[in-house]
Amino acid sequence: MFNSTVLKTVKASVFTALLLGASATVHAETSLVSDVANNIEQNISAQMQDMMTKAQTELSLSIQAQMSEMLFDMETEQQVTNEQLAAENKEQPLVTSAVAKD
């Protein structure tokens, strides 16, 4: 009877130790997975911020380039218009008297 009680106690102790060991292993694995997931989340967040900064910079540069092109085109059109007006004014003789000569 003493042997069966000791045997039951030893079995219960071993079973408890296995459960605690398994629980500690699961907790350690959960902690490891949690740490890896947190690191991945931080890396993705940092990369997204970097991408957003680059996208904002590229968008700003693109808008500046388009505005520069538009201003250049407007200035070019204005110069052409001014040259055309100057050419028209040169072609028409200036009438200085009310009597036209034949």
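Here the structure is shown first, and the text comes after it.
The structure contained in this document is the topic of the report that follows.

Conventions used here
Residues numbered from 1 in each chain as written. Predicted model: local features only at pLDDT ≥ 70, side-chain atom pairs only at ≥ 80, totals over all residues. Heavy atoms only, no water. Helix = DSSP H or I, 4+ residues; strand = E, 2+ residues; numbered from the N terminus. Buried < 20%, exposed > 50% of the residue type's maximum accessible area, 1.4 Å probe, protein only. Areas by Shrake-Rupley, 256 points an atom, 1.4 Å probe, with all protein chains shown as cover. Salt bridge = Lys/Arg side-chain N within 4 Å of Asp/Glu carboxyl O. Patch = residues over 30% accessible without salt bridge, like charges linked within 9 Å, V, L, I, M, F, W, Y side chains within 5 Å.

1. Considerations on the overall build of the chain
Here comes step 1: On a plain count of helices and strands, the chain comes out with one helix and zero strands.
Here comes step 2: Across the 102 residues that make up the chain, the buried fraction comes to 0%.
Here comes step 3: For the chain, the accessible surface area stands at approximately 9,800 Å², while carbon and sulfur atoms represent 63% of it.

2. Focus on the pattern of salt bridges
Here comes step 1: Counting across every chain of the model gives one salt bridge.
Here comes step 2: A salt bridge links lysine 54 to aspartate 50; its shortest N-O distance comes to 3.5 Å. In this pair, lysine 54 and aspartate 50 are both assigned in helix α1 (residues 2-91), four residues apart and thus about one turn of the helix distant.
Here comes step 3: Accessibility expressed as a relative area gives 39% for aspartate 50, which makes it partly exposed.

3. Concerning a nonpolar patch on the surface
Here comes step 1: A surface patch of nonpolar side chains, about 580 Å² in accessible area, is lined by Leu32, Val36, Ile40, Ile44, Met48 and Met51.
Here comes step 2: Residue placement: methionine 48 occurs in helix α1.
Here comes step 3: According to the relative accessible area criterion, methionine 48 is partly exposed, its value standing at 45%.

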